[in-house]
Each structure stands twice: as structure tokens, then as C-alpha cells.
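Each chain is listed here by its residues.
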Amino acid sequence: MSSTAQTWTTKTGTRASGLFGVAAILVVIVAAGAPFLVSRDIVQDLFFILTMLVLAQNWNLLAGYAGLLSIGQQAFVGFGAYSMFGMVILLGVDPLLATLLAGFFAMLLAIPAGFFSFRLQGAYFGVGTWVIAEAVRLVVAQWKALGGGTGTSLPGEARKAMFGVEFLKDTFDMKTSQASDAIAYWFALVLAAATVLLFYRILRTRQGLGLAAVRDNETAARALGVNAQRMKVFVYLTTAFVTGITGALIYLQKARISPDAAFSVTDWTAYVLFIVVIGGIGTIEGPIVGMIVFFVLQKTLSDFGSVYLLILGFIGIATMIFAPAGLWGLFSARTGIQLFPIRRRLVLNGSDHIAQNTREGGFNG
Amino acid sequence: MTLLQLDGISKSFGALTVADDITFSVSEGEALGIIGPNGAGKSTLFNLITGTIGADKGSIRFLGEDVTRVSPMQRCLSGIGRTFQIPQPFEKLTVFENLLVAGAFGQQRGEREVASECAEILVETGLIAEANKPAGSLSLLQRKRLELARALATKPKLLLLDEIAGGLTEGECAVLVETIRAVHRRGVTVIWIEHVLHALNSVVDHLLVLHFGRVLGLGAPQDMMNSQEVREIYLGMEV
Ligand SMILES: Nc1ncnc2c1ncn2[C@@H]1O[C@H](COP(=O)(O)OP(=O)(O)OP(=O)(O)O)[C@@H](O)[C@H]1O
Ligand SMILES: [Mg+2]
């Protein structure tokens, strides 16, 4: 007998998220000017931050959403980087183009890697991915044309001839190394922004909702019609692709590669895991916050050598125990602020207060 | 018309036989109750029907199709909805999002298309005030309601309910019975496992008695309750 029609709608955005969106666009625009505004050292620091952020977002999607606790992401970093070197050195492909194509090679590797590791559950999956990464490292170390176990350098001519270098040298009077650093940096900036936007989009679609359901309870998700397996495969392949591009980009900037470095579990999985755990797993904001903390720690503690690793491990474990939702989780729970909101809020007639507006029904009789 | 047909379904966990040559069928529009002592294999039977566990022997047909080897996901899509005896909410999602998952995936439709339908189910099951709270913060009773609400959101043709009335007060139980009746009237076929017999018998047309994984009897509720065998193994324990 209700006289007014009730219209239920779904809302995701918040005021904070709208403001943040505008601010984020401004930050990206300003950041794009960095190669003209700050020293090469700082550009390299920013490059490091951006590429690690991309790796962290990928691991977050894998572990925090698809429940795939991989500790073998270095397989895709290393394989992406090596396939880029291979394309440049053996086929003469432009390094920038080769970096993009490296994503496809990493995804190709993910097909057999997933075929084996997806047979394993939970922690065994993690160990399996690590074993696969080690196996790929051993095989790549046999690749004599790319320096075998000792590795090789990116030919100087290839860097000089890279797309955009000539233009920067002529127009802004940069040196080759400076120009290629700037190009790698812009690539990283675009990659980081695109990754964050893409993942945010995925999480806001139906697929993202299904992914969160699988993360929370796979049995229930399957019983409700969610194709859990297909979602996991999709995430695994997508993250392999992006991780492969990132690996290639990192080694494009380094211009020197070796199997031990490119397939390092510490650099490309342990640090990444630390970033995600510290910041907060299962949110887009978490890895961003974690990345900032990680960078500050690295700058201040790197003189301590191996004690640095111990401290990182200690902070990581303490976070897992005392703040399992990470720093962002703590902050967000206190303030209710979400910069990348994905919650679907049910609203009645445009108002958030459904409880007050609705006659209680059902069991409460 | 026969909606669900089980033929010689058997399942063992090691030496323990939990389903022993189970054969029965359920017609479209029927409401079937299942009773039996603890550990009789009632929940296991649901897991077999939904595919959460696979049968060792026998076949299951739903809507005339053999679904014995079909995944739980596909069985849901073809119209089998269920609740879990131990609630399995998506804890980090809100109550409303729990239903959105069920609606959007179970019916293969867009989130927006099912949103108001999900909201109405929340009103019907008394969860609307909790809509935007994380499911992990619900009490056990609310979790049970969420199980029912989520199953309804998939728009099932066959609804499997596993002990959703336990722990309710007299009044709450009456409302629950009304809700299930209403769902049944809409044409949904119901199979309901329940220890609260008066609630069960006020809804179902037939009663199936399960004991040690075997079908001990299947018939009108009154006949089953009066059977000597059933009284001994089941009611004897209740009183
Ligand atoms: N996955 C499993 N592995 C091994 N044993 C199991 C498994 N699932 C159930 N069982 C056993 O099978 C038997 C039947 O269990 P089931 O849950 O089907 O009983 P039930 O009739 O639903 O009982 P209740 O009334 O207590 O819910 C029990 O002895 C139980 O311990
Ligand atoms: Mg049971």
C-alpha cells in the first residue's frame, strides 16, 4: 500500500573519490614534466617507483582478488625482459616496440606455467610458481646468444636509434642516456596510470564482483554460477602480460641484463609482496601507499645492507599480525575514505538511508 | 513433469557410505521435505545434487538432461539454487553485493538489471537494513537469511534449503514459512531439509526419510510420521 514508488539504484562513487580523480589527473600531468624539471637521479627514482607500483598492482590483483598466491612473478619479469633483449639484439626490433611485444611473450609463457601451477592449491601453488620461475631462469641462462649465465648489454646503437631519442636530443639538447631515460620514464608513467585505471575498471565490472566473490568463498561462488576457474585464468594471463611489459621496461632502462638479476625472487616478488602487504591487500590504494613506504624505507635503510632485508621482513610480519588490512586498510576503516571505491551501495530514491526509509519485512514480522 | 530424477546415486567417504543407492524423483512445482537423524547424509545429498561433490555411482537428471558430470556452476545456471547448512557468505562483500553476485552470475544478467530485484529479495527476507553492511558482520541468524536471499536471487527453478529454520523464535519461524510458501506459490520447486518438523510439514507435499545414506521411506507427511520405522529411528530421538 505504499503510495510512493520505490526506486532502488546502485551507487559506487563518493565525494572523496571524485576530488581525488581530479587531483590524480593533475599529478600525472605534472609528473610528465619531470624529465625537464628535475635531475636524472630523481627521474630514475620515479621510474623505480612507477615500475614497482605496476608490479605491486599486478600481484595485488593476483593474490588479493584471484587468490593466486604466486611467488614466481619473476618468471614473467625475467622472460619479458629477455624476450625484449632477444628481439632487439637478434632481430633488430626497436627497443620500445620490443618492450610492448614482451608482454605477449610473457603471456605465452603463462600458458604452460598456468597449466602446471593451476593443478596445485594454496601454498603449493606458490611453491609451484617459484619452481617454474627457477626452471625458466636455468633455461634462459643457456641462451648463449644473450650472454648465457653472465648476461649481456643492450647495444648502444639500438638505444641511440630508439624511437624518440633523436627527437629529444635535437629539440631539448639531451644526451642519449638522458633521452632514453626520459622515454623509459614516460613509458612507465603511462603504464602505471593505465594499469591502475584498467584494474580499477575490471574491479567495477561484473567480472570484478565475481572475482571478489571467488576470493571470499570459492565454493559458494561456484554454486551461484560464477565461473571461478575462468576468472583465475583471465587474471593470471592479464597479470603475466603486464608484468612482462614491466620487466622489459625495467631492463630497457637498466640496459644490462643477467639471469640472476632478471629472475630474482627478492627483487620482483619479495619486495612486491612487501609493498602490497604493507599498503593493504585487496584494494587499489594499498599498493600505492605501500610503494611510498617501501621507497622511503629503501632510501633511509639501504646503507644497512642485509639488516635492511631483516627490517623489511620484520615490518611485513608485524603488519600481517597487527594490521592485516595494511596501512590503507587502517586509514580507510577509520575515516571511511575510499579513493578507488568499488563498493556497490544500495540506495533508495537516491538516499543512502535505506534502513529508515524502508518498512522492515520478512522474518522480523 | 519430472524436474529432478536421481537414479541409484551412491557416495562413500572412505569406508563411510553417505549415499547408498538413492533413487527418487521430484515433479515440477512439488515441495519435498527431507528428514533424517544427524549424519544421515542429508546435506551430502544436496552436495550431490548441486555437484559440489561428485557421485561415485548413479545418475542425476535435471529438466530431462543428464547433469551427473556437470559443474556446480552449470547446474546453478540451469536452475538449481541452494543454501548451505553452514552459511558461506562472501564476508568482505556487503549483503547487497552478495545478492548481486547471485543475481548477475546466477541469471547471467547485468548488475544494473538485477539490482532492484535483489533489493526486493532483501526486503522479503528482512535483510534490507543490513544491505550495505559487510556480510562478515552478520549474526548467525542473519547469515542464514542471507543464504536464502542469495539462493532466491539466482531465480532458481529448484530451490534446495538446508536447515534454515533452526534457532528461530515461533514468530520468526512463522514468517519464514510464509516466505517459503510464497516462493513455492510462484512456481519454484522446493526441497527442504529441516529438523523443525511442524514448520516443514506445513509446507511440503511429500516427505523423504533418510537413514545411513538410504531412503527409508517417501510419501505423504502424515503417513511418514505415522510409520513405525520412522518413529523409531527419528522421532524416538526427538522426544
Ligand atoms: N567431505 C567429507 N569428507 C568426509 N566425511 C564427510 C564429508 N562430508 C560429510 N561427511 C560425513 O558424512 C556423513 C553425513 O554427513 P551429512 O552432512 O550429509 O549429514 P546430515 O544428514 O546433513 O547431518 P546433519 O543433520 O547433522 O546436518 C557424516 O558422518 C559426515 O561426517
Ligand atoms: Mg546437514
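Per chain, the residues get numbers from 1 upward, laid out in the order the sequence is written. Here the convention is simple: chains get letters from A, ligands get numbers from 1, in the order in which they are written. Two thresholds apply to this predicted model, a pLDDT of at least 70 for residue-level local features and 80 or more for giving and counting side-chain atom pairs, whereas whole-chain, interface and lining totals are computed over all residues. Hydrogens and waters are ignored; side-chain quantities use all the structure's heavy atoms.

1. Digging into the site of ligand 1
Residue and element names in this part refer to chain B.
Here is step 1 of the chain: One heavy atom within 4 Å of a molecule or strand makes the whole residue count as near it. Near ligand 1, the surroundings consist of 14 residues, among which G39, K42, S43, T44 and Q85 are the closest.
Here is step 2 of the chain: For the purposes of these results, a polar contact is taken to be a pair of N or O atoms within 3.5 Å, where, inside protein, one atom must be able to donate a hydrogen and its partner to accept one; residues adjacent in sequence count only when each atom of the pair is a side-chain atom. Note that an oxygen atom of ligand 1 is positioned 2.7 Å from one of the side-chain N or O atoms of K42.
Here is step 3 of the chain: Here an oxygen atom of ligand 1 sits 2.8 Å away from a polar atom, N or O, in the side chain of Q85.
Here is step 4 of the chain: Coverage of ligand 1 by the protein amounts to 61% of the 640 Å² it exposes when considered alone.
Here is step 5 of the chain: It is helix α1 (residues 42-50) that contributes the most residues to the shell around ligand 1, three residues altogether. Every accessible area reported is derived by Shrake-Rupley at a probe size of 1.4 Å, with residue values counting cover from the shown protein chains alone. The helix and strand labels rest on DSSP assignments: H or I over at least four residues marks a helix, E over at least two residues marks a strand, and numbering proceeds from the N terminus.

2. A look at the domain arrangement of chain B
Residue and element names in this part refer to chain B.
Here is step 1 of the chain: The split of the chain into domains comes from an automatic or database domain assignment. Domain parsing of chain B yields domain 1 (1-79 + 156-239) and domain 2 (88-154).
Here is step 2 of the chain: Domain 1 and domain 2 are separated by 24 Å when their C-alpha centres are compared.
Here is step 3 of the chain: At the junction of the two partners, domain 1 supplies 16 residues and domain 2 supplies eleven residues.
Here is step 4 of the chain: Simply put, the buried area is the total loss of 1.4 Å probe accessible area from both parts when two parts are fitted together. Of the roughly 1100 Å² buried where domain 1 meets domain 2, counting both sides, 65% is carbon and sulfur surface.
Here is step 5 of the chain: In terms of surface lost to domain 2, no three residues of domain 1 exceed L77, P156 and T179, which account for 35% of the buried area on that side.
Here is step 6 of the chain: The salt bridge definition used is simple: a Lys or Arg side-chain nitrogen within 4 Å of an Asp or Glu carboxyl oxygen. Between the two partners, domain 1 and domain 2, sit one salt bridge.
Here is step 7 of the chain: With its nearest N and O atoms 2.5 Å apart, the salt bridge here joins R186 to E124.
Here is step 8 of the chain: Looking at the side of domain 1 that touches domain 2, the elements with two or more residues in it are α2 (72-77), β7 (158-162) and α6 (170-185). Only heavy atoms enter the contact rule, under which two residues are in contact if any of them lie within 4.5 Å.

3. Here's the deal with the sheet that holds strand β6 (residues 80-82) of chain B
In a beta sheet, neighbouring strands are held together by backbone hydrogen bonds and run either parallel or antiparallel to one another.
Residues and elements named next belong to chain B.
Here is step 1 of the chain: With respect to topology, six strands assemble into an open sheet ordered β6-β7-β8-β3-β9-β10, the strand pairing being mixed. On the outer flanks of this sheet lie β6 and β10 (214-219), each paired with one strand and no other. On average, adjacent strands in this sheet sit at an angle of 20 degrees to one another, irrespective of strand direction.
Here is step 2 of the chain: Across three bridges, the pairing between β6 and β7 is parallel. In the strand pairing of β7, G81 is matched with L159.
Here is step 3 of the chain: Docked against the sheet, helix α5 (residues 140-153) engages β6 and β7, running at close to 170 degrees with respect to β7.
Here is step 4 of the chain: The sheet contacts of α6 involve β3 (31-35), β7 and β8 (189-193), and relative to β8 the element is tilted by about 150 degrees. Here, a strand pair is defined by DSSP locating no fewer than two bridges between the strands. Structural elements are reduced to axes, namely lines fitted to C-alpha atoms, with helices fitted over the stretch in contact, and the angle between N-to-C directions of any two is expressed from 0 to 180 degrees.

4. A few points about the coordination of the magnesium ion (ligand 2)
For a metal bound by four donors in a tetrahedral arrangement, the ideal donor-metal-donor angle is 109.5 degrees, while six donors in an octahedral arrangement ideally sit at 90 or 180 degrees.
Here is step 1 of the chain: Donor atoms (N, O, S) are those found within 2.8 Å of the metal centre, with the cutoff raised to 3.2 Å for Na, K and Ca; water is not part of the atom list, so apparent gaps in a site can occur. The magnesium ion (ligand 2) binds to the protein through S43 of chain B (OG) and Q85 of chain B (OE1), with metal-donor distances spanning 1.9 to 2.0 Å. Highlighted residues: S43 of chain B in helix α1 and Q85 of chain B in the loop between β6 and α3 (95-106), separated in sequence by 42 residues.

5. Topic: the confidence of the model for chain A
Here is step 1 of the chain: Per-residue pLDDT for chain A has a mean of 89; in total, 95% of the residues score no lower than 70.
Here is step 2 of the chain: Here residues 356-365 of chain A is a poorly scored stretch, pLDDT under 50, and it has 29 contacts once near neighbours within four places are set aside; other chains count. Confidence scores per residue from the predictor, reported as pLDDT, run from 0 to 100.

6. Observations concerning a nonpolar patch on the surface
Here is step 1 of the chain: In this scheme, patches are assembled from residues that exceed 30% relative accessible area and form no salt bridge. Like charges are connected within 9 Å, while nonpolar side chains (Val, Leu, Ile, Met, Phe, Trp, Tyr) are connected within 5 Å. Where nonpolar side chains cluster on the molecular surface, the patch consists of F36, L37, V38, I42, F167 and F172 of chain A and spans about 590 Å² of accessible area.
Here is step 2 of the chain: Considering the arrangement of structural elements, one finds F172 of chain A in helix α8 (residues 165-172).

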